Amino acid sequence: MSGHSKWANIKRQKAVVDAKKGAVYARMSREIIVAARLASGDINANFKLRQAVDRAKAEGVPNDNIARAIEKGAGGGASESIEELIYEGYGPGGVAILVRCATDNRNRTAGDVRSYFSKYGGNLGDTGCVSWNFQERGEVLVARTASLEEETLLSVALELGADDLDSSGEEAILIICMPLLVPTIKEGLTKQGFKVVSAEATLSPQSTVTVDDKETARQLMRLLDQLENQEDVQQVYANFDMDPAWMQEFLG
């Protein structure tokens, strides 16, 4: 499993600290509002909305909060002030970083993102400077359990439409598919008794940068962590490989 996928896995498994729940709820609500506004408030017909709701539920956002966010997005009104922004740049070691945001204050978001890049040895770039290196794909993460048989998992996943399987992870196996097939594969695997850890459409780097200097790795993780915790940031994507033990150490 590549570095960016290991990093994403570690992030998924980190517990939400109680003190940060308010910020997490607000971030998830903004993502839901934007998704509902861009298409519709029907979770069955709007894949982006379904994915946003799944992420919100995984973070423990109450159903009432989710319902209110969908209503705001589908009905306009308060949602009109929220816009999607994408920032691109390079972090320590020349790692490409793409940041997706949903914000009601463009100046605040831009100022925060720019300051984080500057503080931790990165450079915020122009639109398009790194996005060419990322391709959208679906990723379904399946936990390794005592009863899991890789051949069976591969067979079931392929029948459901998956493109590939990455079994290099110690705790989970990554199934790669087309973004629109994520819900189908998640549901199919769950029905077959597999434990799905996460399922989402994401951006995967086409080439990666190996970070083999520990101090550079530390700075990179600090930058990514700061970006992840900014209230307007929805997702952060990066194209690095590094020792997974360093990731655990720096994000622990």
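Located above this text is the structure these notes cover.
The following refers to the structure shown. Since we're looking at a predicted model, the values are computed, not measured. (Residues numbered from 1 in each chain as written. Predicted model: local features only at pLDDT ≥ 70, side-chain atom pairs only at ≥ 80, totals over all residues. Heavy atoms only, no water.)

1. Comments concerning the overall build of the protein
Link 1 in the chain: A tally of helices and strands in the protein yields nine helices and 10 strands.
Link 2 in the chain: The 252 residues of the protein split such that 46% are buried.
Link 3 in the chain: Put simply, of all contacts in the protein between residues at least 6 apart along the chain, 73% involve residues at least 24 apart.
Link 4 in the chain: Of the roughly 12300 Å² of accessible surface on the protein, 46% is carried by carbon and sulfur atoms. (Helix = DSSP H or I, 4+ residues; strand = E, 2+ residues; numbered from the N terminus. Buried < 20%, exposed > 50% of the residue type's maximum accessible area, 1.4 Å probe, protein only. Contact = heavy atoms within 4.5 Å. Areas by Shrake-Rupley, 256 points an atom, 1.4 Å probe, with all protein chains shown as cover.)

2. A look at the nonpolar core
Link 1 in the chain: I97, V99, L220, M221, L227, F240 and M242 are the most contacted members of the largest nonpolar core, which totals 27 residues.
Link 2 in the chain: Sorting the residues of this core by element identifies β1 (83-90), β2 (96-103), α5 (106-119), α8 (214-229), β9 (233-238) and α9 (244-251) as the ones contributing at least two each.
Link 3 in the chain: In contact with L227, not counting residues within four places along its chain, are I97, V99, V113, Y116, F117, V233 and V236.
Link 4 in the chain: V140, V142, L165 and L189 belong to the second-largest nonpolar core, a separate cluster that totals 18 residues. (Core = buried A, V, L, I, M, F, W, Y, C linked by side-chain atoms within 4.5 Å.)

3. Digging into the packing of α5 against α8
Link 1 in the chain: In contact at an axis separation of 9 Å, α5 and α8 are set at 170 degrees when each is read in the N-to-C sense. Judged by the angle between their axes, α5 and α8 are roughly antiparallel. Together, V113, Y116, F117 and K119 of α5 and Q219, L223, Q226 and L227 of α8 make up the contact between the two elements.
Link 2 in the chain: Along the lines of polarity and charge, the residues of the contact of α5 with α8 split into five nonpolar, two polar and one charged. (Axes fitted to C-alpha atoms, helices over the stretch in contact; angles between N-to-C directions. Parallel < 35°, antiparallel > 145°, perpendicular 65-115°, else oblique. Nonpolar A, V, L, I, M, F, W, Y, C, P; charged D, E, K, R; others polar.)

4. Description of the pattern of salt bridges
Link 1 in the chain: Following the criterion strictly, the structure yields 12 salt bridges and no others.
Link 2 in the chain: In this structure, E84 and K48 form a salt bridge, with 3.0 Å as the shortest nitrogen-oxygen distance. One end of the pair, E84, is in strand β1; the other, K48, is in helix α3 (residues 47-58), and 36 residues separate them in sequence.
Link 3 in the chain: Residue classification places E84 among the partly exposed positions, given a relative accessible area of 40%.
Link 4 in the chain: Using a relative accessible area of 37% as the deciding quantity, one classes K48 as partly exposed.
Link 5 in the chain: For E150, the salt bridge is made with R144, and the minimal N-O distance between the two is 3.0 Å.
Link 6 in the chain: Taking relative accessible area as the criterion, R144 reaches 29% and is therefore assigned partly exposed.
Link 7 in the chain: Counted as one network, the salt bridges with shared partners bring together R30, D104, R108, E231 and D232. (Salt bridge = Lys/Arg side-chain N within 4 Å of Asp/Glu carboxyl O.)

5. Here's the deal with the side chain of S29
Link 1 in the chain: Tracing the backbone shows S29 in helix α2 (residues 21-38).
Link 2 in the chain: Take S29: its relative accessible area is 17%, and that puts it in the buried class.
Link 3 in the chain: In this structure, S29 is in contact with N65 and A69, ignoring residues within four places of it in sequence.

6. Things to note about the sheet that holds β1
Link 1 in the chain: A sheet is described by the order of its strands in space; here four strands give the open sequence β3-β1-β2-β9, paired in antiparallel fashion. Only two strands of the sheet have a single partner each, and these edge strands are β3 (123-124) and β9.
Link 2 in the chain: With five bridges connecting them, β2 and β9 associate as antiparallel partners. Bridge pairing in β9 links L98 to Y237.
Link 3 in the chain: Sheet strands touched by α5: β1, β2 and β3. Its angle to β1, the strand with the most contacts, is close to 15 degrees. (Pairing = 2+ DSSP bridges.)

7. Some words on the sheet that holds strand β7 (residues 196-205)
Link 1 in the chain: Pairing in this open sheet of four strands is antiparallel, and the strands run β5-β6-β4-β7 from one edge to the other. Taken across any chain shown, the strands that pair with only one partner, and hence form the sheet edges, are β5 (164-166) and β7. Across this sheet, the average inter-strand angle for adjacent strands is 30 degrees, counted without regard to direction.
Link 2 in the chain: The pairing of strand β4 (residues 134-143) with β7 spans nine bridges and is classified as antiparallel. In the strand pairing of β7, V142 is matched with V196.

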